[in-house]
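Results of the structural survey
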Number of protein chains: 2
Amino acid sequence: MIKEITSLKNEKIKYFASLKNNDSIKKEKLFLVEGEHLIKMAKDYLVATLSLKKIDYLSDDIDQYIVKEEILKKLSLNKSCSKVIGVCRLIQKDLEENKPYIYLDCVQDPGNVGTILRTALAFNFKNIILSSDSANLYNPKVIQSSQGAIFNLNVIQGDLNTLIDFKNKGYKIYSTTLNDKSKFLDEFLKIPAKTLLIFGNEGNGIREEIFKISDYFIKIEIDNIDSLNVGVATGIILNYFKNKIIE
Amino acid sequence: MIKEITSLKNEKIKYFASLKNNDSIKKEKLFLVEGEHLIKMAKDYLVATLSLKKIDYLSDDIDQYIVKEEILKKLSLNKSCSKVIGVCRLIQKDLEENKPYIYLDCVQDPGNVGTILRTALAFNFKNIILSSDSANLYNPKVIQSSQGAIFNLNVIQGDLNTLIDFKNKGYKIYSTTLNDKSKFLDEFLKIPAKTLLIFGNEGNGIREEIFKISDYFIKIEIDNIDSLNVGVATGIILNYFKNKIIE
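Summary of the structure given here. (Residues numbered from 1 in each chain as written. Chains lettered and ligands numbered in written order. Predicted model: local features only at pLDDT ≥ 70, side-chain atom pairs only at ≥ 80, totals over all residues. Heavy atoms only, no water.)

1. Description of the pattern of salt bridges
Residues and elements named next belong to chain A. Rules: Salt bridges are counted wherever a side-chain nitrogen of Lys or Arg sits within 4 Å of a carboxyl oxygen of Asp or Glu. The buried label applies to any residue whose accessible area, calculated with a 1.4 Å probe on protein chains only, is under 20% of its type's maximum; exposed applies above 50%, and partly exposed to all values in between.
Enumeration according to the criterion identifies 14 salt bridges over all chains in this entry. The closest approach of N and O atoms between Lys27 and Glu28, which form a salt bridge, is 3.4 Å. Overall, Lys27 belongs to the exposed group, its relative accessible area being 65%. Its relative accessible area of 28% is what places Glu28 among the partly exposed residues.

Printed below as a string of structure tokens:
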């Protein structure tokens, strides 16, 4: 279906604009993405697009709304208004069994969460658990900085109980932290497929309750400064472990 | 000197507020930092502070202005207004000889530049060259995401000619890129102390002119996605090379 909409007051436009709000995303089970790169990555979840002219590469079952720039401006969260905005269904995937998981414990900066998702996909860590106090998966900055990785990952929300469930299924918990039990990364020669890697909050690190149920503590050797950015730390650790998983 | 200022219209306050602007920073050779952590890191460069009450840990030669919250709000760039703002001299350090250098080629996102500076300090790569089209060292977001690392690094601005000068002094240029000449990181067993590591623009990578004068090309093994965030890539590469420099 291709349809032109010219009025900012059109009910459909008001509805799509409501999806800038997190509560509406949850209720309507739809979210927005911006820009050609993300539209292409989103293809399995795309239900509609809004653009200045017809987009040729989309399949016929996607509703295309041809709109004016002022409508895109109303929907866009970028300063430099996007030329195409997509409406997507929430992402649902089956979690993988016997594969490593990443758990983000209160990682609050959406840029960090998005960067971690992008990095996780690059190193084939496809299963992610976000604590409820981490940045939301559908936060536009998470989507943007993930570079669309969210469409190819299995992401769920979880908490301490989720970790305990995993532990009961035989998973080992590896917390990344600078405490006195921590070993340097290169002391870990292999990790089991049933591994849960925990990364913590930007300022406070991993919370105490998670420390208590952790099996191993990993640190990166650094000088001169207290800590690395959590996205950088994740990159170093996932790059190191990518070929060290015992299947 | 400790002095109270109550009026937003005070000339000193207007002067400090002008330092939110990049041209004024260059002209006055002063810049602002926010928050206790950065004030402490800045101590060698600090000339004045503005705060709600006297700060005990500062030495007597630093001018302390005791101000109201509305004045801090006027000077702050953070949404959650900082409780202390510092005025600093521009950072000047001697560059080190026969040490590795990092060159950022049009890395535009200030969060990325700041994160790279923080990471560089953590892995003892203390000499940085910023291309003039990279984010500015004194951009508040660079300072913030560097976590104060800027005060402990030697950072200069440079361009292609700077790189050619280094090459003439015997430096080898290592460009990080996914071209067909690139070798995987773990194929590099050692690097010379006279190494220049180049990291490129977020979207376009390293520019052609720099490729042409490069001696080696490094890539990180990734799947499923085109590239890593430049800050993450820098972290992985610096962590790998930190103990592989031939002195």
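2. Focus: the interface of chain A and chain B
It is common to give the size of an interface as the accessible area lost on bringing the parts into contact. What counts here: The contact rule is simple, with two residues in contact once any of their heavy atoms fall within 4.5 Å. In this description, buried area is defined as the sum, over both parts, of the accessible area (probe of 1.4 Å) that is lost when the two are combined. Here a polar contact is taken to be a pair of N or O atoms separated by no more than 3.5 Å, where protein atoms must pair a possible hydrogen donor with a possible acceptor and residues adjacent in sequence count only if both atoms sit in side chains. The helix count covers DSSP runs of H or I at least four residues long, the strand count covers runs of E at least two residues long, and both are numbered beginning at the N terminus. Classes in brief: Ala, Val, Leu, Ile, Met, Phe, Trp, Tyr, Cys and Pro nonpolar; Asp, Glu, Lys and Arg charged; the others, Gly included, polar.
Contacts between the two partners involve 27 residues from chain A, matched on the other side by 27 residues from chain B. Both faces considered, chain A and chain B share a buried interface measuring about 2200 Å² in area, 56% of it formed by carbon and sulfur atoms. Sorting the residues of chain A by area buried against chain B places Arg118(A), Asn224(A) and Ile225(A) first, and these three jointly supply 25% of that buried surface. There are zero salt bridges connecting chain A and chain B. Seen at the junction of chain A and chain B, the total is 14 residue pairs in polar contact (both at pLDDT 80 or more). Where the side of chain A that touches chain B is concerned, the elements lending two or more residues are α5 (110–122) and α9 (230–241) of chain A. For the side of chain A that touches chain B, the residue count by class is ten nonpolar, twelve polar and five charged.

3. Focus: the sheet that holds strand β4 (residues 63–66) of chain A
Residue and element names in this part refer to chain A. We apply this condition: Here, any two strands with at least 2 DSSP bridges between them count as paired. To define axes, lines are fitted to C-alpha atoms, for helices over the stretch in contact only, and angles between the resulting N-to-C directions are given on a 0 to 180 degree scale.
Strands sit in the order β1-β4-β3-β5-β2 across an open sheet of five strands; the sheet is mixed. Of all strands in the sheet, those bounded by a partner on one side alone are β1 (2–4) and β2 (30–34). The mean inter-strand angle of the sheet, taken between neighbouring strand axes irrespective of direction, is 20 degrees. Judged from the five bridges that link them, β2 and strand β5 (residues 84–89) form a sheet pairing that is antiparallel. By the bridge assignment for β5, Leu30 is matched with Arg89. The sheet contacts of helix α1 (residues 11–18) involve β2, β3 (46–51), β4 and β5, and relative to β3 the element is tilted by about 110 degrees.

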